[in-house]
Every structure is written in structure tokens, then in C-alpha cells.
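Breakdown of the fold
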Amino acid sequence: MTPAISAAGLERRYRDHRALADVTFEVGTPCITGLLGRNGAGKSTLLRILAGQEFATAGRVRVFGAEPLENDTVLRRMILVRDNQTYPDLRVRHAVAAASLLYPNWDADLAGTLLDAYELPPARPIKKLSRGMRTALGLTIGLAARAELTLFDEPCAGLDGVARALFYDQLLADYAAHPRCIVLSTHLIDEAAELLDRVLVLDRGRLVLDAPADDLRGTMTSVTGQAGSVERLIAGRTTLNRCTLGTQTTAVMVGRLDDRDRELADHLRLRLERVTLQQLAGYAAEYHDRTVLTAVRTP
Amino acid sequence: MRSTPIVTVVRYLLLDRVTYLVLPWAWAAFGFVLDVVVLQLIPGGHGDDRWVGGLVAVPLVMLVVGAQSVARALPFALTLGVSRRTYFLGATALALALSVGFGLAVAIGRIVERATGGWGIGMAYFRVPHLLDGPWYLSWLTAMTVLVLMFVYGMWYGLVYRRTGLPGTTAFAAAQLGALALAALVATWAHGWTDIGHYLGTVTATGLTGVLAAVVAILLTGGFATIRRMTI
């Protein structure tokens, strides 16, 4: 089956800066993929290239098996919603009407529901909206378009906690009813972690982690306790980021724990904490050039 | 049935009705009323039509509207899965449709103006010497070509601004002024001013329309070359 997205050796250079370097991956459909990484990691550049809004310096990108650049057939099957989206001097209802003209699967009822939920007045000029309301307008359009490939670039920037929770709920509900390929680029990794089927981590333009989210959950554990006890538990295992404060040591251990490990930790009075996806993405970026991430799948 | 992508872009742009449908007509009406008031205040000669020039506002508005069509509407269209090529064709189709309408209004206005003796006050608002001459359909064609030209020229400026910002736009304008200055130098060096004056004195509205149409073709080529590598 043709993947929704396929990139091979993708590179983007801006004079002396390399925004993307040798990025290769495939994403199938239906799937919710998290595109994670720090500021300047290349997430937005990658999404813009996928949407045909930016030009790759080298490499190949395919969306639904075809080059997306200037390809109306492919472009009308996708949407890229950005946090800093530029809108024309129109009213909210006009922006919604514009999207309804262009997407065959447009759901007017869902758009109306979301406008109400985000308290977006249809008659208000877009330039009079607050940043959060503009973001909410982008989310409304992105979800109601029901594009086969929906790209969200920092979809929750400027949104309050209630609005973010609403977005995650709506996204999941709509995805369950209409499965499709959705890519979320976000800093708020842990908030979105439960939604994700797949995780891509970019660091300084390089893809440093590409794995199913389920494979990543529980692959790293933070161990805290007496230094000697910690050393006993982690003996022979790969560890990252070990630090000692007084008599207490904390080490991040790579690899899944079994029942015997947990019994031993309990016996040694060690505190075990699962490393979150946010922390894991950070470790992936920091340690990708070493062979320590044997427990997680790397590209 | 869904419309073709180019028609969809036209419909998308026409969501901003004020810019495309109200503004040019409003300026034309404002210029007309202003010219009437001015002519009422200034004593006129006997028999001669008094050319007022208020119609110039319409092509100027088309220039601004052309620039506006790519300033903010283009990035949102690209977000909604429209290709650059389709957007450019859609905006050009809209320019043509608007110009056909306004050109027809100018041609009809010219007929009415002539029939009413310049609206009863000898005003030549729609009758522009040398440019809007000849039969009604030629006036229509000429007015349409001028309006398309101004829209497309504005669009090219807007595209250059989006790609290169203020420095690039300034350089773009300076390059055109430089080209004109160079042409003037060449004309002086070749003693060509007499021939140019002769051409301008004898050129017909048909000939001028042809020249303007050629300029439209050049502007369209330049605009398309600019939008092809546009990033947002």
C-alpha cells in the first residue's frame, strides 16, 4: 500500500544553515504521528516541504505516491494548519466558507460545533481575533476539512488549557470516526502523547528517532535512591544522565523492567518513574549519536 | 458538481467583495461626483468638452487591488491546498472578469455621455482623448486592457514584495526606472525622439491597445516567474 508520506534523503539549506539533513521516513495511513523536537529542529520546514509550500534543496518527497509541489491533485487532499497562519482581511465565516469551497469532505456541522465550542463569532474580522482565537480558527478549519493528510504545526500555540483539552478530545473523536493521516508538530509532547501512534523526533535537522509510540512507552525508567542500591539495580544496563545529590542518586535506565526488576527495586527501596515521551524525545536528541538507545528503534 | 480549481480560486477571492466589487465602483462614483462638483465651480468655455480625468482613479484602484490579491489571500490559499499556478491563473481570470465588467461600463458611459452632451455640463469623464476613441467595442477593449494591465502590474509588485520585502521591491521599481532612463538615453543618442513623437501623434486607439496587450503579456510572464518559487 502506498504510504501517505514518504521522504528520502530530504535536505533543506539556507545559505550557511542546514534546516534539514538527510531526512528519510515513511508514514502510513490511518495514523496520528507526532513530529517532535526543539525550536529550530526543522519541524516547520519539513511540514512546509510536505505541503509544497517550501522547496527541498535535495532529496525526494512523495505524498500519496506523488510529488506534492504544484500538484493540485495531491494538494487538494491535504491541509497544513500553522500557528502563525496569515489570513486575508476577511471575517471568520468567510475563512470557513473559503475552506468549504476547497475540501470535498468538508463537514459544515463540525465546523459550526467547533466555532461554538471555541466561542468564535462568525461575523468578527479575523484581524480582530486574539492569538488564541486565531489558533482556534485554524484548528476548526483543519479538523472540519477532513483532508486525507492533515498537518498541524504547533496547533495549540496560544491556546489555554481548556481549549487544548477540547482540541485533543475533538481530534481523537473525529479521527475515530474518520480515520486519516494526521501529523502534529508540537512542543507540548506529554499533553499529546496519548494520541500518538507514531513518533518522529528531529534534532538540528536530523531525524534522530522514528518509532511506534507503543514501542517507546516504558523503554526508559528513572531510578532514584541510595547510590549503592541504584548501582546494584542498573548494573550491566545502559544508563543515561546519571546524577548524585548527597546520598541520593538518580539514573535513567534504558530497557524495559520485568517483575524481578520491580521486586528488586522495591527491596532496595528505590523509586521508579517512567520517563515521559517529552523526556524521551530529549534523550533521543541528546544521545542519538551513541549506541545507547538500543531499546528504542532508531532510523 | 464542484467547480474547476481556477473558478474555485475566483470564488475564494470574491469572498472579499468589498475589495473586488465595491472599491473600484465606489472610487469611480466618487471621482464622477467630484468632477461634477469641480466643473460646477469652474466657469467653462463654449462648446468644448472639458476632460476631467477622474476616471484615472479606477485603474489606480485596480493596481492596488492587484497587489492586495497576493498580499494576504495567497498564503491562506496555499494553506488550503491551492497550487501557485492555479492561484495565479485564478487571480488573472478574476482580473479579466472584473475588467470586462468595468470596461463595458466605461463603453456604455461613453455612449451616454456623448448622447447627453457630457451629462449636460460638457464633461468628458468617460471620453479620454486618444485612448478611448473609436467605436464602443474598441473603447470596451481598450478600457479592459488597461484595467487588466494595472491589476496584473499590481499583482507582480505584490508578489515581488512577498518574496523580497521592501528592499527587493525598491530594487524592482528602481530597475524599471533605470530601464526607462536607459531607453531615454538610447533614444537621445540615436536621435529618435522625433520618430517617437511622430508615432505617439499618429498612433490609433487600436494600435495603442495592441501595445498595452503586449505589455500585459510581459507582466503576466514576470508575475508567473515570480510566484513559481514563492515560499510562505
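Structure's up top.
Residues numbered from 1 in each chain as written. Chains lettered and ligands numbered in written order. Predicted model: local features only at pLDDT ≥ 70, side-chain atom pairs only at ≥ 80, totals over all residues. Heavy atoms only, no water.

What about helix H10 (residues 259-267) of chain A?
- Here H10 of chain A starts with a cap whose side-chain oxygen sits 3.2 Å from the backbone nitrogen of Arg 260 of chain A, and that cap is Asp 258 of chain A.
- Of the residues trailing H10 of chain A, Arg 269 of chain A is marked for its positive phi of about 55°. (Polar contact = N/O pair within 3.5 Å; in protein donor to acceptor, adjacent residues only side chain to side chain. Helix = DSSP H or I, 4+ residues; strand = E, 2+ residues; numbered from the N terminus.)

Some details on helix H9 (residues 227-234) of chain A
Residues and elements named next belong to chain A.
- Listing the buried residues of H9 in full gives Ser 229, Val 230, Leu 233 and Ile 234. The arc enclosing the buried residues of H9, seen along the axis, measures out at 120°, which places them on a common side. Facing away from the buried side of H9, by more than 90 degrees, are the exposed residues Gly 228 and Arg 232.
- Taken together, the buried residues of H9 touch strand S10 (220-226), strand S11 (239-245), strand S12 (248-254), H10 and strand S13 (271-274).
- Gly 236 lies just past H9 and shows a positive phi near 80°. (Buried < 20%, exposed > 50% of the residue type's maximum accessible area, 1.4 Å probe, protein only. Arc of directions from axis to C-beta. Contact = heavy atoms within 4.5 Å.)

Some points on the environment of Leu 180 of chain B
Residues and elements named next belong to chain B.
- With respect to the element layout, Leu 180 can be found in helix H7 (residues 136-189).
- In this structure Leu 180 comes out as exposed when scored by relative accessible area, which is 59%.
- Leu 180 sits 23 residues away from Val 203 along the chain, and the two C-alpha atoms are 20 Å apart.

Details of the packing of aromatic side chains
- Applying the stated criterion to the full structure yields 16 aromatic pairs over all chains.
- Consider the rings of Tyr 153 of chain B and Tyr 157 of chain B, whose centres lie 5.2 Å apart with planes at 75°: the pair is edge-to-face. Of the two residues, Tyr 153 of chain B and Tyr 157 of chain B are both situated in helix H7; the distance of four residues between them amounts to about one turn of the helix.
- According to the relative accessible area criterion, Tyr 157 of chain B is partly exposed, its value standing at 21%.
- Look at Trp 156 of chain B and Phe 172 of chain B: their rings are 4.9 Å apart centre to centre, the planes differ by 65°, and that puts the pair in the edge-to-face class. Here Trp 156 of chain B matches Phe 172 of chain B in class, with each residue buried.
- Of the aromatic side chains, those joined through ring pairs into one cluster are Phe 32, Trp 119, Tyr 125 and Phe 126 of chain B.
- The ring of Tyr 14 of chain A carries the charged tip of Arg 12 of chain A above its face, separated from the ring centre by 4.3 Å.
- Positioned above the aromatic ring of Phe 64 of chain A is the side chain of Arg 77 of chain A, whose terminal nitrogen or guanidinium carbon lies 4.0 Å from the ring centre. (Phe/Tyr/Trp six-rings, centres within 6.5 Å; stacked < 30°, edge-to-face > 60°. Lys NZ or Arg CZ within 6 Å of the ring centre and 35° of its normal.)

Topic: the pairing of strand S3 (residues 31-36) of chain A
Residue and element names in this part refer to chain A.
- Most of S3 sits out of view: six of its six residues are buried.
- The two faces of S3 match: Cys 31, Thr 33 and Leu 35 on one face and Ile 32, Gly 34 and Leu 36 on the other face are all buried.
- Strand direction decides the pairing type here: S3 and strand S7 (residues 181-186), joined by six bridges, are parallel. Paired with Gly 34 across the bridge in S7 is Leu 184.
- The pairing of S3 with strand S8 (residues 198-203) spans four bridges and is classified as parallel. When the sheet's bridge partners are listed, Leu 35 is paired in S8 with Leu 200. (Pairing = 2+ DSSP bridges.)

Quick look at the sheet that holds strand S2 (residues 17-27) of chain A
All names here are of chain A.
- Spatially, the three strands line up as an open sheet ordered S2-S1-S4, and their pairing is antiparallel. The sheet terminates laterally at S2 and strand S4 (58-63), the two strands that pair on one side only. Between one strand axis and the next, the sheet turns through 20° on average, direction left out of account.
- Note: strand S1 (residues 5-14) against S2, seven bridges, orientation antiparallel. (Axes fitted to C-alpha atoms, helices over the stretch in contact; angles between N-to-C directions.)

A look at the interface of chain B and chain A
- Tallying the contact residues gives 26 residues for chain B and 31 residues for chain A.
- In total, chain B and chain A occlude about 2700 Å² of area from one another, counting both sides; carbon and sulfur atoms represent 56% of this.
- Ranking the residues of chain B by area buried against chain A places Leu 15, Phe 76 and Leu 80 of chain B at the top, with a combined share of 23%.
- On the surface where chain B and chain A come into contact, there are three salt bridges.
- We note a salt bridge from Arg 72 of chain B to Asp 89 of chain A, for which the minimum N-O separation is 3.7 Å.
- Summed over the shared surface of chain B and chain A, the result is twelve residue pairs in polar contact (both at pLDDT 80 or more).
- Listing elements by their share of the side of chain B that touches chain A, those giving two or more residues are helix H1 (5-13), helix H4 (73-79) and helix H5 (84-115) of chain B. (Buried area = accessible area lost by both parts, 1.4 Å probe. Salt bridge = Lys/Arg side-chain N within 4 Å of Asp/Glu carboxyl O.)

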